[in-house]
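Spelled out, the chains give:
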Amino acid sequence: MSEARPPLPPFTAETAAQKVRAAENGWNGCNPEKVSLAYTVDSRWRNRNVFFSGRPAIVDFLQVKWAREHEYRLIKELWTFTGNRIAVRFAYEFHDDAGDWFRAYGNENWEFDANGLMQVRHASINDLAIDAVERKFHWDRTGPRPDAHPSLSDLGL
């Protein structure tokens, strides 16, 4: 039986936005095994300058990522879509082991299979050191970003 992760392509403005918010919520949960289930078993990734494929590699990558990025909070925003592809922009905030805060800015290009699983992910990301008082992402980490929390556009990011 095939896995399915609605909404399925071809995307509309509404379903593309739903897909983006579902991805944001998943990543904010910081559970590598759960997040990996949104990707095909042979999903291909480029994350910054790292290339890999497959769910086990996704889990390994995310375990390392979230072990060093503390208090991780992410906001994704739909940029554009067509057919089975979605482009997003995003920003996330975290602090490292030394307590230094960062905001990472990036863009992702996603391609989905017919079952709504992401088969290709290209991410370009830049980090900016920030002071703790410059943080903009404030919500309880035990749940997803509240609907009332400002978006990237609302925050001027």
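Look a little higher up for the structure.
Notes on the structure in this doc start here. The model shown is predicted, which means the values in this text are computed figures rather than measured ones. Residue numbers restart at each chain and count upward from 1, following the sequence in its written direction. In keeping with the predicted nature of the model, local features appear solely for residues at pLDDT of at least 70, side-chain atom pairs appear and are counted solely at 80 or more, and the whole-chain, interface and lining totals rest on all residues. Each side-chain value is worked out from all heavy atoms of the structure, with water and hydrogens disregarded.

Moving on: the sheet that holds strand 5 (residues 101-112). Reading across the sheet, the six strands line up as 2-1-6-5-4-3 and stay open at both edges, with mixed pairing between neighbours. Strands at the two margins of the open sheet, each flanked by one partner only, are strand 2 (50-53) and strand 3 (70-82). Taking each pair of neighbouring strands and ignoring which way they run, the sheet shows an average axis angle of 20°. Contacts between residues were defined by any pair of non-hydrogen atoms, one from each residue, lying within 4.5 Å. Axis definition: a line fit to C-alpha positions, over the contact stretch in the case of helices; interaxial angles, taken between N-to-C directions, run 0 to 180 degrees. A run of H or I in DSSP counts as a helix once it spans at least four residues, and a run of E counts as a strand once it spans at least two, with each numbered from the N terminus. Its contacts with the sheet place helix 1 (residues 13-28) against strand 1 (39-47), strand 3, strand 4 (85-95), strand 5 and strand 6 (118-130), and it is angled at close to 165° to strand 3. Contacts from helix 3 (residues 55-68) reach strand 1, strand 2, strand 3 and strand 4 within the one sheet, and its direction differs from that of strand 1 by about 50°. Pairing between strands requires that DSSP locate at least two bridges from one strand to the other.

Attention now goes to the packing of aromatic side chains. Pairing of aromatic rings covers Phe, Tyr and Trp, the last counted by its six-membered ring, and requires centre-to-centre distances within 6.5 Å; plane angles under 30 degrees mean stacked, over 60 mean edge-to-face, and any other angle means tilted. Considering all chains together, one arrives at 14 aromatic pairs under this definition. With centroids separated by 6.1 Å and ring planes inclined at 25°, the aromatic side chains of F137 and W139 adopt a geometry described as stacked. On the accessibility criterion, F137 (0% relative accessible area) is buried. For W139, a relative accessible area of 7% puts it in the buried group. Through a chain of ring-to-ring contacts, three or more aromatic side chains come together here, namely W27, Y39, W45, F52, F61, W66, Y72, F90, Y92, F94 and F102. Working definition: with a 1.4 Å probe on protein chains only, accessible area under 20% of the residue-type maximum means buried, over 50% means exposed, and in between means partly exposed.

Moving on to the pattern of salt bridges. Just to be clear on terms, a salt bridge is a Lys or Arg side-chain nitrogen sitting within 4 Å of an Asp or Glu carboxyl oxygen. Tallying each qualifying case throughout the model produces 13 salt bridges. Between K76 and E108 there is a salt bridge; the shortest N-O distance is 2.5 Å. Taken together, the residues span a long stretch of sequence, with K76 in strand 3 and E108 in strand 5 at a distance of 32 residues. Of the two residues, K76 and E108, both sit in the buried class.

Judged by relative accessible area, which is 7%, K76 ranks as buried. Between N or O atoms, a polar contact is any pair within 3.5 Å; within protein, one atom must be a potential hydrogen donor and the other a potential acceptor, and residues adjacent in sequence are included only when both atoms are from side chains. At 2.5 Å, the side chain of K76 forms a polar contact with the side chain of E108. Apart from residues lying up to four places away in sequence, K76 is in contact with V20, A23, E24, R89, F90, E108, W110 and R145.

Everything listed here is a matter of geometry and, on its own, says nothing about what the molecule does.
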